[in-house]
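Survey of secondary and tertiary structure
In case you want the letters, here they are:
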Amino acid sequence: MRTEQPKTIHLKDYREPDYWIDETHLTFELFDDHALVHSRMSIRVNPGEAGDGRPDLVLDGQNLELMSVELDDKRLASGDFQFDENTLSLKPERDTFELAITTRIKPRENTALEGLYQSGSMFCTQCEAEGFRKITYYLDRPDVMSRFTTTVIADKGDYPVLLSNGNPIARGDHDGGRHWVTWEDPFPKPAYLFALVAGDLCLIQDSFTTMSGRTIDLRIYVEPDNREQCGHAMDSLKRSMRWDEEVYGREYDLDIFMIVAVNDFNMGAMENKGLNVFNSSCVLAHPETATDAAFQRVEAVVAHEYFHNWSGNRVTCRDWFQLSLKEGFTVFRDAEFSADMNSATVKRIEDVSFLRANQFAEDAGPMAHPVRPDSFIEISNFYTLTVYEKGAEVVRMLHTLLGPEGFRKGTDLYFDRHDGQAVTCDDFIKALEDANGADFTQFKRWYSQAGTPRLNAEGRWDAATGTFSLLFRQSCPPTPGQSEKLPFVIPVRMALLDGEGNEMPLRLAGEDGERGSETVLSITEAEQLFTFTDLSEEPLPSLLRGFSAPVKLIYPYHRDDRVFLAKNDPDGFNRWEAAQSLAVDVLQGLVEIHVAGRPLMMDQRLIDVYRTVLGDDSLDPAMVAEIIRLPSEAYLVELAEQADIDAIHIVRDWVRHTLAVTLEEQLWSIYRRLDERIPYSAEAVQFARRSLKNTVLGYLMLTESQDALSACVRQFVEANNMTDRQAALVALVNSPFDDQKRAALTEFAERWKDYPLVMDQWFSIQASAAQPGGLERVQELMEHPAFTLRNPNKVRSLIGAFASQNLINFHRSDGEGYRFLADQILLLDGTNPQIASRLMTPLSRWRKYDPARQNLMKRELSRIMGKPELSPDVFEVVSKSLA
Ligand code: B3K
Ligand code: ZN
């Protein structure tokens, strides 16, 4: 057990820094076993904060070896400053001064992958949120914005490429085979956006002409072997640049934009000014090695990081509590971009499924926090689904309430007003309000109240008057530190459908004029009634279209209503939603029957919906694939008060089998129609066809017929792209055909052993397979030569996938799955606390399960809690989980 409790930081304690750093000049001398970092800062007291007398200057620093300190060119003796584990402080004698500091660091020993570290043979940095303090002493907080100049010196043979933010302004050679490059970034920025890269990298180059006619030099740097895999990232970058000009009026500002791919990276990518550093999994894409999902992820992440240049870099966060200011907004921006590039409805369905299975669970667990948290122990723990995905939903609601034009007026004002500043979520809202004359005072509760609101709705038809009234009641369950919640503003996009499925004209009592056939109701009270008048027949409401608010909507539809909506709702998203909720209802009913020990009987209406959808040629095949995908086990767990994981798994499997057997003939005809030999292209139309074909193949394999097996093996062998090959492998791995499964896995590993990203897939497919013996298989795979705990992608694809996607094996009743996960967390806590902390999520959700499992999970949490010198990252999650 640690003796000293890590400190909690509170939003309410925010105050401006005592000093500003106007200029930062850095020189890095990179060597094989260490690096010397020389910094020279022009510092000035913050007159607003100084008060009486000049405050001490207190700089942040972590794991640094301090070599020297110079104040205005005078070397300070050790008595002239104090330093401890986390700070360096001194008493300046003037209001403005130059401070020069030299530190020595060990990038090779930096396994936490934060600060300056080595990934393979290259040096790279990750500074957000608080990694810069692992490089040198600094005011490492986002409201301190400085102009950076960076010189990198290294061996020319080993590190021919030396990069940092901004534009290269000088370069030269030193004796002894070393060389140097100086970079200057004209835009003031917080230290978290600093980046440095040094390595032997090859360059893929292109250019982009901005709307004002400037030519931007676009560069992607990768290890030479990956040269052929950058085309899609480059295209995505150019599309993102164009889109941000067209949709937000935002033009790129520097003359050069660089992306570097690294293999060891804690997350997806990082938006450092002019020098984005990417996990190679979010850059590299080639049809033979990357799936359609990977192609789409590359496009989305490239866009996301690029969009940060405005939403995050030009306008940044005042403090880390405001993280969603840049992340929620940028996720919303990238989602809209992806929607425009591919199918908007399918993108929305994917995002909503993900949010409901995962963010809703976070909101209901021990780590629940508002979109703008009030406090944290370790900021790295708050790069969460709530800050990102729910934050994006909050921005989406503002977009819905203002309409696209009002929203654009608001963002124009926001960017104009705050360009070059570090601001808050309030500033964002204020700009939207001012540009539109709107009042979002109540709406801002979405930023301060945690938890997923419940929205109960009831409809009442009055035939005598031709009116239909909708009564809404909202509530929000308590979350840690927040027992009572005030009503939210909940925009409900909706329509009323007649018996043919047509949208009826909407007229609201008390309002003049009509609202057209679709409208947005703004629910602001705990209980609120809307009455629609002049209706010719009893309508069926289509509610919360496009998931217009991140709430749990409960409407007492009969199953027949859901069937009707699934077949007839003109809104594609709500057609999917109706089919999903029908499937949820059927599955939940069957879980009860199974638990009661009664035989399972299939509701024919679900089969009927699937049959209709499969036969509807007017539907986008990607939509069909989404509609016939049953709700995930994770979502069913989230929905349950207390989840019976065995029952959920058995019932869901049984329903899948039953659907497969019943619809076999129709599935075959679709598979045959879509099994076409055409050259691969990464385009929406092909994504859609492959998505349906492979979903259908998954079902067909459940019939366990020889025909299905042959088709699957043939697809595995003959596929001309990784999407089809991998789908066949997944189907084989989850089948009882052991010989073919083993052969396919062996062949796949042999063929792709030199492609780490493909091997990640190979690990993940096996880790997620619900077959018995899952834990033993994962333990065996940990010994595979391609596996290492040092690489976050490997950890995610094996341990992460097992614990979060293989519920039946992870939750085995003897608790061995939990023990395994805890063992890995304890190991990783010593090397990479951020990754260790991420792995805590499944254990933190222990309250969802039965008492026996709860005890087993708590036992592992307590064991983790007992580790001496636990990182603050893991400490925060484990202590909150046990609280
Ligand atoms: N801003 C980074 C995330 C940094 C996470 C630091 N622990 C990537 C992104 O959201 O674009
Ligand atoms: Zn981001």
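Above this text is the structure in question.
Owing to the predicted nature of the structure, the values given are computational and were not obtained by experimental measurement. (Residues numbered from 1 in each chain as written. Chains lettered and ligands numbered in written order. Predicted model: local features only at pLDDT ≥ 70, side-chain atom pairs only at ≥ 80, totals over all residues. Heavy atoms only, no water.)

1. Observations regarding the overall build of the chain
Regarding its fold elements, the chain presents 28 helices and 31 strands. At 28 Å, the chain has a C-alpha radius of gyration in line with the 29 Å of a compact globule built from 883 residues. Along the first, second and third principal axes, the C-alpha atoms of the chain reach 90 × 70 × 60 Å. Out of the 883 residues belonging to the chain, those deemed buried represent 59%. Contacts in the chain between residues at least 24 apart in sequence constitute 71% of all its contacts with a sequence separation of at least 6. Carbon and sulfur atoms make up 48% of the accessible area of the chain, which amounts to about 34100 Å² in all. Both charge centroids of the chain, one from 94 positive and one from 137 negative side chains, sit 2 Å from each other. (Helix = DSSP H or I, 4+ residues; strand = E, 2+ residues; numbered from the N terminus. Rg over C-alpha atoms; globule rule 2.2 N^0.38 Å. Buried < 20%, exposed > 50% of the residue type's maximum accessible area, 1.4 Å probe, protein only. Contact = heavy atoms within 4.5 Å. Areas by Shrake-Rupley, 256 points an atom, 1.4 Å probe, with all protein chains shown as cover. Lys, Arg positive; Asp, Glu negative; His and termini not counted. Charge placed at Lys NZ, Arg CZ, Asp CG, Glu CD.)

2. So, the sheet that holds strand S29 (residues 527-532)
Taken in spatial order, the four strands of this open sheet run S29-S26-S25-S31, and their pairing is mixed. The open sheet has two edge strands with one neighbour each: S29 and strand S31 (552-554). The mean inter-strand angle of the sheet, taken between neighbouring strand axes irrespective of direction, is 20 degrees. One ladder, built from six bridges, connects strand S26 (residues 467-475) with S29; its direction is antiparallel. Residue leucine 470 lies in a different strand from S29, and its bridge partner there is phenylalanine 530. (Pairing = 2+ DSSP bridges. Axes fitted to C-alpha atoms, helices over the stretch in contact; angles between N-to-C directions.)

3. Thoughts on the sheet that holds strand S21 (residues 275-279)
What links the strands of a sheet is backbone hydrogen bonding, and the strands pair in either a parallel or an antiparallel sense. Strand order in this open sheet of five strands is S17-S18-S19-S21-S20, and the pairing throughout is mixed. Of all the strands in the sheet, just strand S17 (202-209) and strand S20 (269-270) have a single pairing partner and so form its edges. Sheet analysis places S17 next to strand S18 (residues 215-222), joined by eight bridges and oriented antiparallel. The residue bridging isoleucine 204 from the neighbouring strand is isoleucine 220, located in S18. Where helix H2 (residues 231-248) meets the sheet, its contacts fall on S17, S18 and strand S19 (256-262), and the angle it forms with S17 comes to roughly 25 degrees.

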